[in-house]
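Chain residues, written in single-letter form:
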Amino acid sequence: GAGVSQSPSNKVTEKGKDVELRCDPISGHTALYWYRQSLGQGLEFLIYFQGNSAPDKSGLPSDRFSAERTGGSVSTLTIQRTQQEDSAVYLCASSLDGASDEQFFGPGTRLTVL
Amino acid sequence: GNSVTQMEGPVTLSEEAFLTINCTYTATGYPSLFWYVQYPGEGLQLLLKATKADDKGSNKGFEATYRKETTSFHLEKGSVQVSDSAVYFCALRKDSGNTPLVFGKGTRLSVIA
């Protein structure tokens, strides 16, 4: 079956612009996670959704970052007024539910802020 | 807080060599432990896991044992292949569920023929 998909695969933007990243989880998966993979920093957690609600936003690095999920499916991560330090690969993962151990990852969106 | 420390790479081995990638963790309670692998051009995928002390996770010839006394979860494989070239991430998840993964920084493995 279809895995987690993300779009766009690559995004180049200018400093100060807003960007929107999209994640389509595996059908039927109620839990959805956003992570960021930066060079030398490894993978860091950003936000977690259970259904449409986000019980854990603790990883969002600043108020320029926000995310929403509608219909318990697609999620968008929005970064406002992008900065060069936002350049990274943004990964989305889904799991059957919040208690499930295995998270299934998408291919990521590579964001480059010039 | 919870954290994972894994050996820095890159690690370069010849085919059929023995592999060890060290991973230690800091966590309260009894976390579940994981190894994820990222092959070139692909997304992260679960390689193996262990959910309690002394459990051994295994898959594709890789093994890792949950050692609570040393807070470690080292990844081993007896004979690596070129196709094992990838980035390997050690991760933990707190035991309370509904929690994200906490990852190490990843170790790049290159296996040469």
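This text goes with the structure placed above it.
Residues numbered from 1 in each chain as written. Chains lettered and ligands numbered in written order. Predicted model: local features only at pLDDT ≥ 70, side-chain atom pairs only at ≥ 80, totals over all residues. Heavy atoms only, no water.

Student: Looking at this model, I keep getting lost on the sheet that holds strand β8 (residues 75–79) of chain A. Mind explaining?
Tutor: Strand pairing in a sheet is mediated by backbone hydrogen bonds. Such pairs are either parallel or antiparallel. Residue and element names in this part refer to chain A. Reading across the sheet, the four strands line up as β1-β3-β8-β7 and stay open at both edges, with antiparallel pairing between neighbours. The outermost strands of the open sheet, each flanked by one partner alone, are β1 (5–7) and β7 (65–69). Neighbouring strand axes in the sheet, compared pairwise and without regard to direction, differ in orientation by 15° on average. (Pairing = 2+ DSSP bridges. Helix = DSSP H or I, 4+ residues; strand = E, 2+ residues; numbered from the N terminus. Axes fitted to C-alpha atoms, helices over the stretch in contact; angles between N-to-C directions.)

Student: It is not clear to me how the state of the cysteines should be interpreted in this structure. Could you clarify?
Tutor: Note on terminology: a disulfide is the covalent bond linking the sulfur atoms of two cysteines. Evaluated as defined, the whole model comprises two disulfides over all chains. Each sulfur of the disulfide joining Cys23(A) and Cys92(A) lies 1.8 Å from the other. Taking the torsion about the S-S bond as the criterion, the Cys23(A) to Cys92(A) disulfide, at about -65°, is left-handed. Of the two residues, Cys23(A) sits in strand β3 (residues 19–24) while Cys92(A) sits in strand β9 (residues 88–95), which places them 69 residues apart along the sequence. According to the relative accessible area criterion, Cys23(A) is buried, its value standing at 0%. Looking at Cys92(A), the relative accessible area reads 0%, which means it is buried. Disulfide partner of Cys23(B): Cys90(B), at an S-S distance of 1.9 Å. Around the S-S axis, the bridge from Cys23(B) to Cys90(B) shows a dihedral of about -70° and counts as left-handed. You can see Cys23(B) sitting in strand β4 (residues 23–26) and its partner Cys90(B) sitting in strand β10 (residues 86–93), a full 67 residues away along the chain. Judged by its relative accessible area of 1%, Cys23(B) falls in the buried class. (Disulfide = S-S within 2.5 Å. Buried < 20%, exposed > 50% of the residue type's maximum accessible area, 1.4 Å probe, protein only.)

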